[in-house]
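The chain contents come next:
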Amino acid sequence: MALVEIVGLTKRFAKGGEVITPLDQVDLRIERGDLLSLMGPSGSGKSTLLNLLAGIDRPDAGRIVVGGTDITRLSRGQLADWRAAHLGYIFQAHNLVPVLTTYENVELPLLLLPMSRAERRKRVELALEAVGLTDRMNHYPRQLSGGQEQRVGIARAIVANPTIVVADEPTGNLDAAASLHIQRLLRRLNAELGMTMLVVTHDPEVASIATRMCRLDRGKIVEPADSAPQRKMRSA
């Protein structure tokens, strides 16, 4: 059984007098250890799919099974608990709390879990080590570059050792050098730590770090026959 099984997923929105269907009977399997990139034009439903997988929104039809749990059947409270334990979310705009330090921002998801302070500290330090920011532990977001802020966001997403990490345009606000750094970091977290990831992007270069690639086209998932580029990334 795949780690994530999406079956018959449909989502509709009313816009004026028109009904928009960005996702129409979508089927998708994500295996444990996949780094899957999802591309598609603006408005194609990429972020909608991500939000449904994250349990932020509800589908009109279909099911999403993650690690054996059908999250479409969970209550709002159960979904909140499930997200805290199983999902890491990397945002395009970092979404760091400006009055908290790097350490405190990364620690935030762990405060929702039954965990001792010592265990929280151990996990935060490991996450910051993974993204190369142990020397910025006591810095505030305003003291970091954009690329460093995104690395804090990645550390926050992985700190609870989630079942799956989802990323919504993770390099969209970064310059070329910082974007390359984040691409290499995501690839390393997948290759070395075995983290399962779904990365939504409009950038073919970012998409090409994936072990699998697919597109949303007219509400359907299209996966190329050869979707394992695993290109050698250029040096920074």
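The structure we're discussing is the one just above.
Throughout this document, residue positions are counted from 1 along each chain, in the order its sequence is written. Where totals are concerned, whole chains, interfaces and linings use all residues; where local detail is concerned, this predicted model gives features only for residues with pLDDT of at least 70, and gives and counts side-chain atom pairs only at 80 or more. Heavy atoms throughout the structure, all of them, feed into the side-chain values; hydrogens and water do not.

Draft legend 1. Quick look at the packing of helix α5 (residues 146-158) against helix α6 (residues 176-193). For the pair α5 and α6, interaxial distance at closest approach is 10 Å and the crossing angle is 20°. It follows that α5 is roughly parallel to α6 by the angle criterion. For the pair α5 and α6, the sense of crossing is right-handed. Residues G147, Q150, R151, I154 and I158 of α5 lie in contact with α6, whose contacting residues are A178, H181, I182, L185, L186 and L189. When the residues that make up the contact of α5 with α6 are grouped by side-chain class, the tally is seven nonpolar, three polar and one charged. All axes here are fitted lines through C-alpha atoms, helices being fitted over the stretch that makes contact, and every angle between N-to-C directions spans 0 to 180 degrees. Secondary structure elements follow DSSP: runs of H or I of four or more residues count as helices, runs of E of two or more count as strands, with numbering from the N terminus. Each angle receives one of four descriptions, namely roughly parallel if under 35 degrees, roughly antiparallel if over 145, roughly perpendicular if within 65 to 115, and oblique otherwise. Each crossing gets its handedness from the near helix: less than a right angle anticlockwise from the far helix is left-handed, clockwise is right-handed. Should any heavy atoms of two residues lie within 4.5 Å, those residues are considered in contact. When residues are grouped by polarity, Ala, Val, Leu, Ile, Met, Phe, Trp, Tyr, Cys and Pro land in nonpolar, Asp, Glu, Lys and Arg in charged, and all others, Gly among them, in polar.

Draft legend 2. Region of interest: empty space enclosed by the protein. Here a cavity means grid points, on a 1 Å grid over the protein atoms only, where a 1.4 Å probe fits yet cannot get out; a pocket means an open set of points with protein on both sides within 12 Å along at least five of seven lines; lining residues are those with an atom within 4 Å of a point. Grid points are joined across faces, edges and corners, and a volume is the space filled by probe spheres set on the points. Inspection of the entire model under this criterion finds one cavity of 30 Å³ or more. Together, L52, G55, D57, R58, P59, I64, I71, T72 and L79 line the largest cavity. Residues that form the lining of the largest cavity fall into these classes: five nonpolar, two polar and two charged.

Draft legend 3. Region of the structure containing the sheet that holds strand β7 (residues 164-168). Paired strands are those between which DSSP finds at least two bridges. Strand order in this open sheet of six strands is β6-β7-β8-β3-β9-β10, and the pairing throughout is mixed. Two strands in the sheet have a free side with no partner beyond their single neighbour: β6 (87-90) and β10 (220-222). The mean angle between the axes of side-by-side strands here comes to 20°, regardless of whether they run parallel or antiparallel. Where β7 and strand β8 (residues 197-200) come together, four bridges link them in parallel fashion. Across the sheet, D168 pairs through a bridge with V200, a residue of β8. Against the sheet, helix α1 (residues 46-53) engages β3 (35-39), β6, β7, β8, β9 (212-217) and β10, with an angle of about 150° to β7.

Draft legend 4. A look at the pairing of β9. Categorising residues by exposure relies on relative accessible area from a 1.4 Å probe, with only protein chains included: less than 20% of the type maximum marks a residue as buried, more than 50% marks it as exposed, and the intermediate range marks it as partly exposed. Alternating residues of β9 divide into R212, C214 and L216, all buried, and M213, R215 and D217, none buried. One ladder, built from four bridges, connects β3 with β9; its direction is parallel. Residue pairing for β9: M39 is matched across the bridge by R215. Here β9 folds back onto β10 in antiparallel fashion, the turn holding two residues, of which R218 has a positive phi close to 55°.

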